[in-house]
6 protein chains.
Amino acid sequence: MLNRNIETFLACDCDYNDADIVLFGAPFDSTTSFRPGTRFGSSAIRHESFGLESYSPYQDKDLLDKNIFDSGDLELSFGITENALADIEERTETILNDKKIPFMIGGEHLVTLGAFRAVSKKYEDVHIIHFDAHADLRNDYLGAELSHACVIRRCWDIIGDGKIYQFGIRSGDREEFRWGSEHITTNKFNFDTLEEVVKKLKGKPIYFTVDLDVLDPSVFPGTGTPEAGGVDFDTLRKAVTLVCSNCNIVGCDVNELSPHYDQSGASTAVACKIVREMLLAIK
Amino acid sequence: MLNRNIETFLACDCDYNDADIVLFGAPFDSTTSFRPGTRFGSSAIRHESFGLESYSPYQDKDLLDKNIFDSGDLELSFGITENALADIEERTETILNDKKIPFMIGGEHLVTLGAFRAVSKKYEDVHIIHFDAHADLRNDYLGAELSHACVIRRCWDIIGDGKIYQFGIRSGDREEFRWGSEHITTNKFNFDTLEEVVKKLKGKPIYFTVDLDVLDPSVFPGTGTPEAGGVDFDTLRKAVTLVCSNCNIVGCDVNELSPHYDQSGASTAVACKIVREMLLAIK
Amino acid sequence: MLNRNIETFLACDCDYNDADIVLFGAPFDSTTSFRPGTRFGSSAIRHESFGLESYSPYQDKDLLDKNIFDSGDLELSFGITENALADIEERTETILNDKKIPFMIGGEHLVTLGAFRAVSKKYEDVHIIHFDAHADLRNDYLGAELSHACVIRRCWDIIGDGKIYQFGIRSGDREEFRWGSEHITTNKFNFDTLEEVVKKLKGKPIYFTVDLDVLDPSVFPGTGTPEAGGVDFDTLRKAVTLVCSNCNIVGCDVNELSPHYDQSGASTAVACKIVREMLLAIK
Amino acid sequence: MLNRNIETFLACDCDYNDADIVLFGAPFDSTTSFRPGTRFGSSAIRHESFGLESYSPYQDKDLLDKNIFDSGDLELSFGITENALADIEERTETILNDKKIPFMIGGEHLVTLGAFRAVSKKYEDVHIIHFDAHADLRNDYLGAELSHACVIRRCWDIIGDGKIYQFGIRSGDREEFRWGSEHITTNKFNFDTLEEVVKKLKGKPIYFTVDLDVLDPSVFPGTGTPEAGGVDFDTLRKAVTLVCSNCNIVGCDVNELSPHYDQSGASTAVACKIVREMLLAIK
Amino acid sequence: MLNRNIETFLACDCDYNDADIVLFGAPFDSTTSFRPGTRFGSSAIRHESFGLESYSPYQDKDLLDKNIFDSGDLELSFGITENALADIEERTETILNDKKIPFMIGGEHLVTLGAFRAVSKKYEDVHIIHFDAHADLRNDYLGAELSHACVIRRCWDIIGDGKIYQFGIRSGDREEFRWGSEHITTNKFNFDTLEEVVKKLKGKPIYFTVDLDVLDPSVFPGTGTPEAGGVDFDTLRKAVTLVCSNCNIVGCDVNELSPHYDQSGASTAVACKIVREMLLAIK
Amino acid sequence: MLNRNIETFLACDCDYNDADIVLFGAPFDSTTSFRPGTRFGSSAIRHESFGLESYSPYQDKDLLDKNIFDSGDLELSFGITENALADIEERTETILNDKKIPFMIGGEHLVTLGAFRAVSKKYEDVHIIHFDAHADLRNDYLGAELSHACVIRRCWDIIGDGKIYQFGIRSGDREEFRWGSEHITTNKFNFDTLEEVVKKLKGKPIYFTVDLDVLDPSVFPGTGTPEAGGVDFDTLRKAVTLVCSNCNIVGCDVNELSPHYDQSGASTAVACKIVREMLLAIK
């Protein structure tokens, strides 16, 4: 008797009950203002992960030794943002209730809000570490409050001042930078203060959200809004490893791969490797 | 003193007050379920129209002899469908109130609903002629009633039975075809009954909506959901000319060009020529 | 508890034991001489099938009413042709032994040989209906007897004269056409004699192999060796429906989609629809 | 001792002295107004010709039986149009003086002027058969008289009224069509009168120029200015075969392939096959 | 009453009379010898600028506070180089006469000659700062003296020895480097001496020409002749800011974006950001 | 009398008898497991080399002063790996016997085995310097021992322990790294120990094999398996120059360019420049 066709991220095929980490995709990009396409990100990452090795020479660890379950992509409604966020929140809650770590793959950055709502209900003192090119601190964008350009502001609505740490930010309007300086902590352009922040947040529950456009477009052209001036792969690899291996990660996401914009596949391959390194580093 | 940079569809540059037809773009694709990108359609058509001649050897007419004004693209909110439709409705109303014919370029097919709301308020007895590969008659799609897959159903909500004529339909679920057979008139696959319908509707106000995916994907691969088995260019050219030159067009649209999916530019060039032929044929 | 990520061709998700037809992919292209890439064909077809409806207005049938199981892609060794063929033969045998119809999706055309070996062992009197642009009748190609350019010749080695019927052939070297005229039946360029052949083969076990490059490159540019002068979609759709609904199909395949060569996705969409129409027509 | 790397069009490798036909490329596109890139046409055709068979089942002829020499691409100066035309004229003259038929591959259509200058000096009574989507009859284009859009007008300057026969024309400004109706013979849209014209020109020296954009963009998207509404491959194949096998061809060219605009390679493959059929048909 | 469709570079929409800087595009690439396409550069930059923010966190400045006018693209004749240069010179002169700074966007690098002719007539002591991968110092290229490969040599014809400073040069023939060492100042590979040169030229009128291929192709693949070994974005960003904020810029240009060669759009986004940073830095 | 069309790598056109170095292409990729296409590498490098200058400002040397012969691409059988390797070995032997240095351009990395077999027969004490992202040390891959993923292991079969030096390795399975640590010398991630190794191997016959995917995918996306975290162009340029100018190179190859995956052409341009720098540095 033959088996059904099961497709997972590379080596993420343990039994659900044994899993420590649960992957899921959130293929949503309805609020993307410039160039859509991140809806294809999660399935591209899953599909192309087989070009990777399960072993990382950086960490000398192997996915074969980890217990990770890939529950596939959510089927999200395009055009009704609140419904999509509710579905993401529900999936995240299920995973949290089963005492596993939710690892979401976007989609546009707004999907973070759905997952964070669930996480913040469970972990009252949760803090956010946020890697991105864009501040995402607008109060609204062309009239919409549920927009990728507002997602961190919406998270702030939930947890308030002093709990959000941004890194790599190199784009935003004047007001976002001004507002940010009063309510959150922004490390512009790079990760210079990351080590210090990681130390400071030791033990606290952390939601870690990685917008891959923090990378330079030379490394990662496959995204909706390429922002020149980002970091290179090794810098990001070290930064995510630092966070995942030292913080108490209670949920995380990787988002904003828009695979069709990079027909070489290099952007998808970069995303896969960042996901692998994070999966290997999370304790 | 130098001029600002004005960009219009080829030769559509008369004074607004003199215009008989007013073009505008509706760059919206938030409800697109399969592959987004029609938001780039209207600006691509405007930009690439300069590869065309203003003269049509088919009709022996020239855009230089017509009075057409191009008012550019609306700035629509992604992620809040109702707001986008309201903005489209308002623009259409303005044009209708100035006694001109609105000619909208999409965007996904849902934009038709915004324009049609305005037209149906002004013209009580309006009928719809609809060219498409897809029936677009679902009541909802993944829970959303405002979806490109439901747009003709939503128009039916406004004008009811017996006033909608579809042509070229070759895709839909079983229920759509069943429902359609009771409430509207569907000419599957081709335009065989078009001439007869045009005669029958003589003099009545017509809203004409052209989903370009009625074309075969060989002719028009640049669209979100390519459906094999469509018509060729000459068939569509003749059909739009028949409708525009014989019907009392009170509003129309051309939609579903997703230019990035066809990097040859041929799909955009096809769209430009259909728009030219329609502009030349409308009386 | 969450489910694993299962991916199948649209609506092909019944239990294996209930299935009448079993799909599997054969992602192999090692002998491709001109442009490789058909290894990506089967997974592209599975992935993009969700852009289709399960209902066909052509046949007024719905995949939801069929019992089809998708067993996913074989993991084939690149560079050792015999091993790959043996793996395909084994999978086909399993399906045949379970009294189901194997429906293989390539890969390059050579994969047909693996499946046909299994079918010919079970059905002594099997005949082949072959749609293709290329005769594939060489005895060897650059020294290799196991080459896509020789696949029908290798099938002939098994069943001999008078049992192979080719349609649509428009390319080959002089010797292939000469040899073919003595050993098999070739309908060059089109399907003019198909109806007659179908009648003649009534009741006989038929292996049906469809090389999608029988289509014109305007319809199907996503293939390794585009051959101008092929048939259009409707011609092929009618031809496969005729064969599948009137013949005793004991095995079949659809091959030579090389999806990356058509970045519009139209070729993959065409392949999906041909597969759907075949699945619906097979009794 | 090893050989140098010689690259020719498929099977066009006889000794120069034995050749009946001499191929050469004219990679020039400096006057192209819309989208450049035809400079890559001739080398793409040469390179990709190896995807073809040398045998044509249409004509039952084989390039292996012909004597054809490929002299490669000219090295033309971009930006100085007159120099490029002079180099083309010189190459054509050499071939004519050696009593061989020059077969040029463009490049943009203006290159025809260089070759035709040489041909018209040798054959006083030469007539032109011209296949194209565009009339190319402007007297000047944005001030330039040496422009692709004026090339047939420039040929007319040399041979005058009544000697030019156009087919397939579906684009031009109003004035071009008016002027053409007085000075040359234009068969708009198709080849309906071709057979009759071929009969009428029996025995006369013919320069045959094929702008491949006479094909529909579905068949041939790889060109600078795709014009919807063209002919299909089989129509063009029959037409070029008719001309080449019945007329006294004293020179010919095939132009306007811009291979990069069609990343599937189908346009280049079409061009290769048209060249093959012409080479086989020329007596 | 509706407005015409006006398209400008992001936030460059003040009244002409109030403008300090006037943008214009020079879409010309007729002398490009390797791969054409820079003609699409200026309109791509204008169109995609809306993916940027008007605010720069690098300089803490905002385009909303500047007075810049975008006069659109010139309509240049392809194939007659002198005419194109004359049109560019005329536009530049108009802007200079109105006491504004001309900021040209190419186009191939030869367009610099047109603008520089106008600038050098007005500013007798003008010096050139030139960023590029290529020396552009040939006396002629394939016989043409008006070629992109000769543009700086042609500028030297006007102003003579000691007034041209090149940076980033990493390609040229042996003779160009030899000649350059006698007549101008070349900083190979990088910007090591830029600060010193900027100090030395303090107060002098400077024409600043930026060939974007000075960037590494990883950052900027969208150009005709990608030259490995260039600088990264931050290096160029700092260098242009240094020049624009410290020199007396009397005219400048940014050229050689060929947007179609980078389908990710990252190259265009890089070009937009360099333009923004220059506009913000010019006093 | 006209010349045949000869195409060589830039300026590699001396007489065979005078040549010190002989280039040849090995267009083979049948064992590629992830994404094929390196078969197009050698012809792309030859074709695009004309975008380069023959002069290197890095080394102040010019190909015009070197004696190099380009013997074109081998015609290799796809699907029979041993035959392809035998053909490569034979060509290499011919060149070695004529006392010239073979310089092979791949193709996938397995082609190295064919060339190395010939070299190792002639030079008993040959050592290997190997630049790569991947260890290529598997004993077999999916059952195949002749696979790109095993090529260095196969070379080790011939020469044994202590003679292979790898640099830049950042991917492999756990077992490859373990095995490698016992039998060969691996410098992970970078070239830190290269200078020392070059000194140590002074005078010994060296086979130098460069898998271009040692470069970061930002620099070189045009390859089958992009591995984030590689070196930049300048690092590789310096490293190959160091090896070629200081070692006793008796054979070398550059492989794994898959040009179609990078439609900007930047990857091919990078490959061309690495080849040029190596050709110039080899003594």
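Placed above this text is the structure.
Trainee: Describe in detail the overall build of chain A, supporting the description with residues and values.
Mentor: Broken down by element type, chain A carries eight helices and 10 strands. A globule of 283 residues ought to have a C-alpha radius of gyration of about 19 Å, and chain A, at 17 Å, matches this closely. The principal-axis extent of the C-alpha atoms belonging to chain A is close to 60 × 40 × 40 Å. A buried classification covers 72% of the 283 residues belonging to chain A. Within chain A, contacts between residues at least 6 apart in sequence are counted, and of these 78% link residues at least 24 apart. In the structure as shown, chain A presents an accessible area of about 8700 Å², 45% of it carried by carbon and sulfur atoms. Put simply, chain A has 29 plus and 46 minus side-chain charges, and the middle of one group is 4 Å from the middle of the other.

Trainee: Tell me about the packing of helix α1 (residues 41-48) of chain A against helix α8 (residues 266-281) of chain A, and please be specific about residues and values.
Mentor: How two helices sit against one another is set out by the angle between their axes and by the gap between those axes. Residue and element names in this part refer to chain A. Where α1 contacts α8, the two axes come as close as 9 Å, and the packing angle between them is 80°. In terms of orientation, α1 lies roughly perpendicular with respect to α8. Every residue of α8 that contacts α1 at Ala44, Ile45 and Glu48 is listed here: Thr268, Ala271 and Cys272. In terms of residue class, the contact of α1 with α8 is built from four nonpolar, one polar and one charged.

Trainee: Tell me about the sheet that holds strand β10 (residues 248-255) of chain C, and please be specific about residues and values.
Mentor: All names here are of chain C. Here eight strands make up an open sheet; going across it, the order is β4-β1-β5-β10-β9-β6-β7-β8 and the pairing parallel. Across the chains shown, the open sheet's two edge strands, defined by having one partner strand only, are β4 (68-73) and β8 (185-188). Taking the axes of each pair of neighbouring strands and ignoring which way they run, one obtains an average angle of 15° across the sheet. Bridge count between strand β7 (residues 164-169) and β8: four bridges; the pairing is parallel. Within the sheet, the bridge partner assigned to Phe167 lies in β8 and is Asn187. Along the sheet, helix α3 (residues 111-122) makes contact with β1 (21-26), β5 (101-106), β6 (127-131), β9 (205-211) and β10, crossing β9 at roughly 175°. Packed on one face of the sheet, helix α7 (residues 233-246) meets β6, β9 and β10 and runs near 165° to β6.

Trainee: Describe the relation of the copies chain D and chain B, listing the residues and the values that go with them.
Mentor: Structural alignment of chain D on chain B gives an RMSD of 0.0 Å, achieved by rotating through 120° and translating 0.0 Å along the axis. Read as a symmetry element, the transformation amounts to a three-fold axis. Closest to the rotation axis within chain D is the C-alpha of Ser218(D), separated from it by 3.0 Å. Comparing interface residues between copies, only 9% of those in chain D also sit at the interface in chain B, which points to a heterologous contact through distinct surfaces.

Trainee: Account for helix α7 (residues 233-246) of chain D, naming residues and giving values.
Mentor: Along an α-helix, residues three or four positions apart point the same way, because every turn accommodates 3.6 residues. Residue and element names in this part refer to chain D. When the terminal C-alpha atoms of α7 are compared, their 20 Å separation across 14 residues agrees well with the 20 Å that a helix rising 1.5 Å per residue should span. Among all positions in α7, only Phe233, Leu236, Arg237, Ala239, Val240, Thr241, Val243 and Cys244 are buried. On the buried face of α7, the contacting elements are β6 (127-131), α6 (194-200), β9 (205-211), β10 (248-255) and α8 (266-281).

Trainee: Please set out the packing of aromatic side chains residue by residue, giving values where relevant.
Mentor: All names here are of chain C. Enumeration over the complete set of coordinates arrives at 60 aromatic pairs over all chains. Between Phe28 and Phe78, the ring centres sit 6.2 Å apart and the planes meet at 0°, which makes this aromatic pair stacked. With a gap of 50 residues between them, Phe28 in the loop between β1 and α1 (41-48) and Phe78 in the loop between β4 and α2 (81-97) connect regions that are remote in the sequence. Take Phe28: its relative accessible area is 1%, and that puts it in the buried class.

Trainee: So what's going on with the arrangement of the chains? Residues and values would help.
Mentor: Nothing in chain A touches chain D; the tightest C-alpha to C-alpha distance between them is still 12 Å. In this assembly chain C lies apart from chain E, the nearest approach of their C-alpha atoms being 12 Å.

What counts and what doesn't
- Residues numbered from 1 in each chain as written.
- Chains lettered and ligands numbered in written order.
- Predicted model: local features only at pLDDT ≥ 70, side-chain atom pairs only at ≥ 80, totals over all residues.
- Heavy atoms only, no water.
- Helix = DSSP H or I, 4+ residues; strand = E, 2+ residues; numbered from the N terminus.
- Rg over C-alpha atoms; globule rule 2.2 N^0.38 Å.
- Buried < 20%, exposed > 50% of the residue type's maximum accessible area, 1.4 Å probe, protein only.
- Contact = heavy atoms within 4.5 Å.
- Areas by Shrake-Rupley, 256 points an atom, 1.4 Å probe, with all protein chains shown as cover.
- Lys, Arg positive; Asp, Glu negative; His and termini not counted.
- Charge placed at Lys NZ, Arg CZ, Asp CG, Glu CD.
- Axes fitted to C-alpha atoms, helices over the stretch in contact; angles between N-to-C directions.
- Parallel < 35°, antiparallel > 145°, perpendicular 65-115°, else oblique.
- Nonpolar A, V, L, I, M, F, W, Y, C, P; charged D, E, K, R; others polar.
- Pairing = 2+ DSSP bridges.
- Least-squares fit on C-alpha atoms with pLDDT ≥ 70 in both.
- Expected span 1.5 Å × (residues − 1).
- Phe/Tyr/Trp six-rings, centres within 6.5 Å; stacked < 30°, edge-to-face > 60°.

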